[in-house]
Amino acid sequence: MEVPTGILPAIRKMKDFDKALETPHDSIVILETRLSQIKSLVNYSKRANKQILIHFDLIQGLKSDDYGMEFLIREIKPDGILSTRANVISMAKKHQLLAIQRVFLLDSLALEQNIKLINRVRPDCIEVLPGLIPTMIQYIHEQTELPVIAGGLITKEEEVKAALTAGAIGVSTSNTALWNVK
């Protein structure tokens, strides 16, 4: 599975789903949804030739355990998984799904713990939140030698460009105004 690059439209509200399908971007991230909706979202995305990435932790009605992951892999069939949980990332990798470890940079202790986790689990990619800290994007890439996606709190075109200049391979955003940034 190929790691996504550029802008990654992230769907937080279902009203934005059709907008994301119409963008020229190859990948879509589903942040929040209900279990009853996820299969049709994946099917529509695949019909539109979009790589579909699902934030596993935010699916309402699905338990974050091995059985929940097994259901998602066998029945829903996404192209990739985002999660903050090491067991979910490990299982995604085991089943050849793109595995994106989502990390929150709260303080230096969180940074240290996240780097240890990343180096142990070895996801395919890391999503760093908030994505407004270019020096941290570069630092995490140097410490892990993995591609980094910037996400969270990015509201301006200049912030997208700063993240990409700092070495992020992509920017995940639910801000529809940024989906057309080149």
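Refer to the structure printed above.
Quantities reported herein were computed from a predicted structural model and do not represent experimental measurements.

Novice: Give a description of the nonpolar core that names residues and reports values.
Specialist: Counting 50 residues, the largest nonpolar core has I30, I54, M69, L72 and I81 as the members making the most contacts within it. Ignoring anything within four residues of it in the chain, the contact list for I30 reads I11, F17, I38, L41, I52, L53, I54 and H55. In terms of nonpolar packing, the next biggest core, distinct from the first, is built from ten residues, L8, L53, L82 and I100 among them.

Novice: How would you sum up the pattern of salt bridges? Please name residues and give values.
Specialist: Under the defined criterion, the tally for this structure stands at nine salt bridges. Ionic pairing is found between D79 and K46, a salt bridge with its closest N-O pair at 3.9 Å. Here D79 is found in the loop between α3 (66-76) and β6 (80-83), whereas its partner K46 is found in helix α2 (residues 35-47), with 33 residues between them in sequence. Accessibility expressed as a relative area gives 34% for K46, which makes it partly exposed. Measuring nitrogen to oxygen at the nearest pair gives 2.9 Å for the salt bridge that ties K161 to E157. With K161 and E157 both in helix α7 (residues 157-165), this residue pair falls four residues apart, about one helical turn. What makes K161 partly exposed here is its relative accessible area of 40%. Exposure remark for E157: the relative accessible area of 35% places this residue in the partly exposed category.

Here is what the cut-offs are and how they apply
Residues numbered from 1 in each chain as written. Predicted model: local features only at pLDDT ≥ 70, side-chain atom pairs only at ≥ 80, totals over all residues. Heavy atoms only, no water. Core = buried A, V, L, I, M, F, W, Y, C linked by side-chain atoms within 4.5 Å. Buried < 20%, exposed > 50% of the residue type's maximum accessible area, 1.4 Å probe, protein only. Contact = heavy atoms within 4.5 Å. Salt bridge = Lys/Arg side-chain N within 4 Å of Asp/Glu carboxyl O. Helix = DSSP H or I, 4+ residues; strand = E, 2+ residues; numbered from the N terminus.

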